[in-house]
Amino acid sequence: MGGKNSAKRKGKKSGKPQQGQARSGSSAGNDFRGAGFAGSQVLGHGTMTANTYVQQYAPVPTALDALPQPPVGFTGREEDLTYILDVLDPDRSDQGPAVAVLSGGGGVGKTTLAYAAGHAAQRSGWFTGVLLVDLHGYDPQPAQAEEALEALLRSLGVPHEHLPPPGAGREALYRSQLNARQEKGQRLLVVADNASAIAQVQPLMPPGHHGMLVTSRYRLTGLGRMRTVNRLQPEDAVALLEAALKNNDPNDPRVGQDPEAAERLVSACGYLPLALQITAALLAQDPGQPLSERADALGGTESVLDGLDDGDRSLRTMFDQSLERLAPQEQDLFRLLALNPGPDISTPAAAVLADQPQPATERLLARLAASHLIERTPTVRGRWQMHDLLRAYAQEQAAAVMDRGRAPRRRYDQARDRLIHHYIQHAEAANTHLDPTGSPVSARFTDREQALEWFDAERENLMATAHTTPHAALDLSFALGSYLRWRRRLQDHLVVRALALDACTKLNDTRNRATVWNNLGGALQELRRFDDALHALETARDLYQQTGNTNGEASAWNNLGNALKDLRRFDDALHAHQTARDLHQQTGDTNGEAGAWNNLGNTLNSLRRFDDALHAHQTARHLHQQTGDTHGEAGAWNNLGGVLKELRRFDDTLHAVETARDLYQQTGDTHGEASAWNSLGIAFKELRRFDDALHAHQTARHLHQQTGDTHGEASTWNNLGIALKELRRFDDALHAHQTARHLHQQTGDTQGEAIAWNNLGTAYRGLGRFDEAVVAGKQAVAMLAAARDWFRTGEAWGEVATTLTAAGADTAQVREAWEQSAHAYTQAGADEEADASREHATNTETVEAQLPTDVVRPEEEVASESG
């Protein structure tokens, strides 16, 4: 602004201003009303007021249409736009300032969103103009508030020579200008882009009914309504990529030709708009490059960030700018977080990594989150995660520090070792709460529930840690096994067991080799890889025998019996379980003996030696009660119910499985509870309580789905179908059995699939679709015979015969089916059932009149519980 002499010259030329002149003029008039100018160069001698003095200047141009259009492909921000427009709406119910603060990591699209919101608000007629200022918050020299005010005042039409010097006068002039426009019915939107500090923005806050949008990579509190801008949803990211490509070439077909590659590519870009725009530019430069090739390049390059640089824009440079704004301690923690092997980290683990007290570490983490370099895990308090591209950047930064010399490398190695030790120690402590009752437990966790919660939160970190070193793999294999079986994370269970075997080889650890093979065999068996399990368990047994470890040998024999039973080698399984029982008795291991009795009962049940099986499960139950092992007792009760059902003691069956269910609930074993509910449904069916059976199987299905146990879910769908058939709901039953068949196919369980085919046949029969029923029944017969399950083959042939009878088929066909049934029963050693089938074969008319719809129910699969 000019000095008072120049001002006087202009005053003499214009004459003394009148009051009316102060309110006239263009929309760019410089109105200082309400502003304080003590000490300003504007004031001279005499009584002239600031308002009168300033209004002598002629109108000057304004720049109130400065908002650029959003880039091509802007999409996927409907919820964000709605939120922002609600803040800017002049008719909003909220009486607070119309200020929205958009924060988010670099490249997430905050500026684009602000532009889109500004244009939408203008289209609604809410603003007569827009003022835009870039605060360059992450440049080496960010813009100061005084510089931003100067830019805004110029946009408002104030000439450079008339600007007050930096300070309160400039801010007062800015407010005065906006107040004057409000009086003239104008409403302006101020967009302050790329702020890094509240001090940059506070002086720019518009007065009155004007609006403001602020964008920042830092959560700036206290300015207005806050909104975090997140990365795009996958489908919106694909839409942005396609729009950007077609902006360069409307005929670019690549996204439409290979949508799967497009999905991989946007995933490699982390769904960040900036990364997608850079990728689209690189693809436009090479029109012949397939999307799959570009996706492979991003996934296989030394650093994904190398592939997200088009010469003009670089994701790495943007991350550099954000990191450089942090304090040294914050930068150091950001780099250290790259050492965490898993996807997120708890505050205590981060404190171990940083070797700092937990409260200090939490403050640093909060500041990193406010800078959007990490984020709080939305579902669990006290956990932190990092975007994949930021993780890649942090790993680059950590590697660069370690390359500086021996001392920094040693410091980072020590930090990694501390973290691994932290995870192993806590996993071992939590595992003590999953051991049988009576074992000593760690005071690090108050109870089993807290231990399970910790395992649930840290599972992915623990699995990743198991891959870091051989020692970690071995230790975590032992610490994680019970938990992973408890939660039915069976694939993870197999992985840690295999890692442990590899670790024994690398460490030349002969002491643990037998145990590792034994555990691997158990994991393979749970995944129904029975032949592989058999090899592993025989190896474990032999190694235990070589070292004279009788307890270990007993455990291997027990698991070996389970694998042999699943391979339908029942006599061999019986020998294995009896050997395990005897060895456990020899060593005085009551818990081990109880488990062997329980599994022995399962094998006796498969051999249809029901009285002997009953004695075995009763003995197992008694021993588990004796040792206080509630979980083992629950398994014994559940299996006991299965034998009582075969003995047609259905009231006793109901009591046994209800007891099992309650004990499983007491121990928090959802998988076991699901198994008990399934058994309960079978008992209700036998008692003709079909509605109760339906509820029980539906509950079991839900619990199996909850635990991710596909095999258990398949069995439950099968039994659910039977209950529905009893309720004459044949269409629903058909759907249930089809679902069971599909799930059994998915898990590779051919025997379960065969049972589902058999039940499909009975459902088709109930619907009068006899041809389909016969086809399904014969498919079941073929699969069961191939598996040498002769008892169920006899049952399935009986179902085919019943269907043929219902369909009015030729008597010779019916007779042949019954004769096949009798032959299969004979091979199974089931003489009573074979005689019954022969009787049906010689008297088909009586059979036709007497047979109920579902005489044979091979689908009722009571889950076995290993001790």
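Just so you know, these numbers come straight off a predicted model, no measurement behind them.

**Things to note about the sheet that holds strand S2 (residues 129-134)**
Stage number 1. Overall, parallel pairing links the five strands, which are arranged S2-S3-S4-S1-S5 in an open sheet. With one partner strand each, in any of the chains shown, S2 and strand S5 (225-228) form the two edges of the open sheet. Across the sheet, the mean angle separating the axes of adjacent strands is 15 degrees when strand polarity is ignored.
Stage number 2. In the sheet, strand S3 (residues 188-195) pairs with strand S4 (residues 211-216) via five bridges, with the strands oriented parallel. Looking at S4, one finds that Val-191 is bridged to Leu-213.
Stage number 3. Packed on one face of the sheet, helix H5 (residues 110-123) meets strand S1 (98-103), S2, S3 and S4 and runs near 165 degrees to S4.

**A closer look at the packing of aromatic side chains**
Stage number 1. Scanning the model with the defined rule gives six aromatic pairs in all.
Stage number 2. With a centroid separation of 6.1 Å and 45 degrees between ring planes, the pair formed by Phe-334 and Tyr-393 is classed as tilted. On the criterion of sequence distance, the pair formed by Phe-334 in helix H15 (residues 328-337) and Tyr-393 in helix H18 (residues 388-402) is long-range, its members being 59 residues apart. Tyr-393 shares its class with Phe-334; the two are buried.
Stage number 3. Linked through ring pairs, Phe-445, Trp-454, Phe-455 and Tyr-483 together constitute an aromatic cluster.
Stage number 4. In this structure, Arg-608 is placed above the aromatic ring of Phe-791, and the distance from its NZ or CZ to the ring centre is 3.6 Å.

**Some remarks on the pattern of salt bridges**
Stage number 1. Enumeration over the complete set of coordinates arrives at 40 salt bridges.
Stage number 2. Close ionic contact of Asp-403 with Arg-409 constitutes a salt bridge, the shortest N to O distance being 3.3 Å.
Stage number 3. On the basis of relative accessibility, which here comes to 36%, the residue Arg-409 falls in the partly exposed class.
Stage number 4. The partner of Asp-789 in a salt bridge is Arg-792, with the nearest N and O atoms 3.2 Å apart. For the pair Asp-789 and Arg-792, one class covers both residues: buried.
Stage number 5. Put simply, Arg-77, Asp-80 and Arg-227 are held in one network by salt bridges that share partners.

**Things to note about the environment of Ser-155**
Stage number 1. Following the sequence through the fold, Ser-155 ends up in helix H6 (residues 145-155).
Stage number 2. Distance in space between the C-alpha atoms of Ser-155 and Val-130 is 9.4 Å, their sequence separation being 25 residues.

**Side note on the pairing of S1**
Stage number 1. Among the six residues that make up S1, six are buried, leaving the element largely enclosed by the rest of the structure.
Stage number 2. Neither face of S1 is open: one carries Ala-98, Ala-100 and Leu-102, the other Val-99, Val-101 and Ser-103, and all of them are buried.
Stage number 3. Across six bridges, S1 lies against S4 in parallel orientation. Following the sheet pairing, Ser-103 is matched in S4 by Ser-216.
Stage number 4. Where S1 meets S5, four bridges bridge the pair, whose relative direction is parallel.

**Topic: the packing of helix H35 (residues 750-766) against helix H37 (residues 790-806)**
Packed helices, taken two at a time, are described by the angle between their axes plus the distance between the axes.
Stage number 1. Where H35 contacts H37, the two axes come as close as 10 Å, and the packing angle between them is 20 degrees. For the element pair H35 / H37, the angle class is roughly parallel. As for the relative orientation of H35 and H37, their crossing is left-handed in sense. Only Arg-792, Ala-796, Glu-799, Thr-802, Thr-803 and Ala-806 of H37 make contact with H35, whose side of the interface consists of Gln-751, Ile-755, Asn-758, Thr-762 and Arg-765.
Stage number 2. For the contact of H35 with H37, a count of residues per class yields three nonpolar, five polar and three charged.

**Looking at the confidence of the model for the chain**
Stage number 1. Put simply, the chain has an average pLDDT of 87, and 89% of its residues get 70 or more.
Stage number 2. Across residues 1-60 the pLDDT falls below 50, and counting only partners more than four positions away or on other chains, this stretch makes 74 contacts in the model.
Stage number 3. Considering only residues more than four positions removed or in separate chains, one finds that residues 846-867, a stretch of pLDDT under 50, has 65 contacts.

**With respect to helix H12 (residues 273-285)**
Stage number 1. End to end, H12 covers 18 Å across 13 residues, agreeing with the expected 18 Å (1.5 Å per residue, within 8%).
Stage number 2. Turning to H12, its buried residues are Pro-273, Leu-274, Ala-275, Leu-276, Gln-277, Ile-278, Thr-279, Ala-280, Ala-281, Leu-282 and Leu-283.
Stage number 3. Those residues of H12 that are buried are in contact with helix H9 (234-248), helix H10 (254-257), helix H11 (259-268), helix H13 (291-300), helix H14 (315-324) and H18.

**Re the sheet that holds strand S7 (residues 375-376)**
Stage number 1. The strand order S6-S8-S7 describes an open sheet built from three strands, whose pairing is antiparallel. Bordering the open sheet on either side are strand S6 (344-346) and S7, each of which pairs with just one other strand.
Stage number 2. Pairing geometry for S7 and strand S8 (residues 383-385), over two bridges, is antiparallel. The residue bridging Arg-376 from the neighbouring strand is Trp-384, located in S8.

The rules behind each value
- Residues numbered from 1 in each chain as written.
- Predicted model: local features only at pLDDT ≥ 70, side-chain atom pairs only at ≥ 80, totals over all residues.
- Heavy atoms only, no water.
- Pairing = 2+ DSSP bridges.
- Helix = DSSP H or I, 4+ residues; strand = E, 2+ residues; numbered from the N terminus.
- Axes fitted to C-alpha atoms, helices over the stretch in contact; angles between N-to-C directions.
- Contact = heavy atoms within 4.5 Å.
- Phe/Tyr/Trp six-rings, centres within 6.5 Å; stacked < 30°, edge-to-face > 60°.
- Buried < 20%, exposed > 50% of the residue type's maximum accessible area, 1.4 Å probe, protein only.
- Lys NZ or Arg CZ within 6 Å of the ring centre and 35° of its normal.
- Salt bridge = Lys/Arg side-chain N within 4 Å of Asp/Glu carboxyl O.
- Parallel < 35°, antiparallel > 145°, perpendicular 65-115°, else oblique.
- Left-handed = near helix turned anticlockwise from the far one by under 90°.
- Nonpolar A, V, L, I, M, F, W, Y, C, P; charged D, E, K, R; others polar.
- pLDDT = per-residue confidence, 0-100.
- Expected span 1.5 Å × (residues − 1).

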